Amino acid sequence: MWYGEFVLIVFSGLPGTGKSTLAGALGRELGAVVLSVDPIEAAMLRSGVERSFASGLAAYAVASEIAAASLGRGMTAIVDAVSAVAEAKRWWPALAERAGVPLVIVECVCSDEALHRARLAGRDRGLAPFPEPGWSDVQRTAAEWEPWDVERLVVDAVAGVEPNLAKVRAWVAAAGADPENQKRPKEPPTS
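So, here is what we can say about the structure in this document.

What counts, and where the lines are drawn
Residues numbered from 1 in each chain as written. Predicted model: local features only at pLDDT ≥ 70, side-chain atom pairs only at ≥ 80, totals over all residues. Heavy atoms only, no water. Pairing = 2+ DSSP bridges. Helix = DSSP H or I, 4+ residues; strand = E, 2+ residues; numbered from the N terminus. Axes fitted to C-alpha atoms, helices over the stretch in contact; angles between N-to-C directions. Contact = heavy atoms within 4.5 Å. Buried < 20%, exposed > 50% of the residue type's maximum accessible area, 1.4 Å probe, protein only. Parallel < 35°, antiparallel > 145°, perpendicular 65-115°, else oblique. Left-handed = near helix turned anticlockwise from the far one by under 90°. Nonpolar A, V, L, I, M, F, W, Y, C, P; charged D, E, K, R; others polar. Core = buried A, V, L, I, M, F, W, Y, C linked by side-chain atoms within 4.5 Å. Expected span 1.5 Å × (residues − 1). Arc of directions from axis to C-beta. Polar contact = N/O pair within 3.5 Å; in protein donor to acceptor, adjacent residues only side chain to side chain.

Turning our eyes to something else, we now look at the sheet that holds strand 1 (residues 8-13). Here we have five strands laid out as an open sheet, ordered 2-3-1-4-5, and parallel in their pairing. The outermost strands of the open sheet, each flanked by one partner alone, are strand 2 (33-36) and strand 5 (153-156). Neighbour to neighbour, the strand axes of the sheet diverge by 20 degrees on average, direction disregarded. In terms of strand pairing, strand 1 meets strand 3 (residues 77-80) through four bridges, oriented parallel. Residue pairing for strand 3: Leu-8 is matched across the bridge by Ala-77. Contacting strand 1, strand 2, strand 3, strand 4 (103-109) and strand 5, helix 1 (residues 19-30) crosses the sheet at an angle of about 160 degrees to strand 1.

Written out as structure tokens, the structure is:
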């Protein structure tokens, strides 16, 4: 049962569309844990795990388990994951259902190809040996992209961080999660 103080928020979208920026900003505001799949997979690669479909899947599993533990402790969890295909998209509604919390999906897009390419060019998030995606990677992921089958908010990087963050705040509030309550842990009722 959800008590109105915490929620699972998932930022999804192609690489370079602003997921990490928005997730990080919202996480700081809410004092929420932000689980980004790319740094998790990068840590696995630095530990000697070979990059493959399995390492990517494992990164999603790790993010999901940590999110579940956070939600179980009455904390909002924010996930930053491309979630391009239906299999990846199913992780998050299933997790929210198991945890008994609302699910808030934010799909990040960039409608301006030149801006999108510029956002990717020279990008270095410090995730070596995890490779930074290039335009061909974005095109390949876009070709595999399967639409969400749950309600979501779509924000466009063209609008800028602050306007998109304002939209996200309103979307989270509409889901019943009061951002002010997110800042202080609450215990569920005992009766």
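More follows now that the structure is in view.
Here the focus is the pairing of strand 4. The buried count for strand 4 comes to five of seven residues, which makes it a mostly enclosed element. Sheet analysis places strand 1 next to strand 4, joined by six bridges and oriented parallel. Across the sheet, the residue bridging to Ser-12 is Glu-107, located in strand 4. With four bridges connecting them, strand 4 and strand 5 associate as parallel partners. Considered in strand 5, the bridge of Glu-107 is made with Val-154.

We now examine the packing of helix 3 (residues 53-72) against helix 4 (residues 86-99). One can describe the packing of helix 3 onto helix 4 by two numbers: an axis separation of 10 Å at closest approach and a directional angle of 20 degrees. Judged by the angle between their axes, helix 3 and helix 4 are roughly parallel. Seen from above, helix 3 lies across helix 4 with right-handed handedness. Seen from helix 3, the contacting residues are Phe-53, Leu-57, Tyr-60, Ala-61, Ala-63, Ser-64, Ala-67, Ala-68 and Leu-71; seen from helix 4, they are Glu-87, Ala-88, Trp-91, Trp-92, Leu-95, Arg-98 and Ala-99. When grouped by side-chain class, the residues that make up the contact of helix 3 with helix 4 number 13 nonpolar, one polar and two charged.

What follows deals with the packing of helix 1 against helix 7 (residues 161-174). For any two helices packed against each other, the geometry comes down to the angle between their axes and how far apart the axes lie. Direction vectors running N to C along helix 1 and helix 7 enclose 60 degrees, while the axes themselves pass 10 Å from each other. Classified by the angle between their axes, helix 1 and helix 7 sit oblique to one another. Taken as a pair, helix 1 and helix 7 cross one another with a handedness that is right-handed. Between helix 1 and helix 7, the residues in contact are Thr-21, Leu-22, Ala-25, Leu-26 and Glu-29 and Val-161, Asn-164, Leu-165, Val-168, Arg-169 and Val-172, respectively.

Bringing the nonpolar core into the picture now. Leu-8, Ala-67, Leu-71, Val-79 and Trp-92 are the most contacted members of the largest nonpolar core, which totals 22 residues. Within the residue set of this core, elements represented by two or more residues are strand 1, helix 2 (37-46), helix 3, strand 3 and helix 4. Looking at this core, the element that brings in the most residues is helix 3, giving five residues. Among all residues touching Leu-8, those that are not within four sequence positions of it are Ala-67, Leu-71, Ala-77, Val-79, Trp-92, Leu-95, Ala-96, Val-101, Pro-102, Leu-103 and Val-104. Leu-30, Cys-108, Val-168 and Val-172 belong to the second-largest nonpolar core, a separate cluster that totals 18 residues.

An α-helical turn contains 3.6 residues, so a residue and the one three or four places further along point in the same direction. An ideal rise of 1.5 Å per residue puts 20 Å on 14 residues; helix 4 measures up with 20 Å between its terminal C-alpha atoms. Along helix 4, the residues classified as buried are Ala-88, Lys-89, Trp-92, Leu-95 and Ala-96. Around the axis of helix 4, the buried residues are gathered within 125 degrees of arc, so they sit on the same side. Opposite the buried face of helix 4, by more than 90 degrees, sit the exposed residues Arg-90, Glu-97 and Arg-98. Looking one or two places after helix 4, you find Gly-100, whose phi comes out positive at around 70 degrees.

For helix 3, with 20 residues, the first-to-last C-alpha span of 29 Å sits near the 28 Å given by 1.5 Å per residue. Here helix 3 has its buried residues at Ser-55, Gly-56, Ala-59, Tyr-60, Ala-63, Ser-64, Ala-67, Ser-70 and Leu-71. Lining the buried residues of helix 3 we find strand 1, strand 2, helix 2, strand 3 and helix 4. Measuring from the side-chain oxygen of the N-cap residue of helix 3 to the backbone nitrogen of Ala-54 gives 3.1 Å; that N-cap residue is Ser-52. Immediately downstream of helix 3, the backbone of Gly-74 shows phi near 75 degrees, a positive value.

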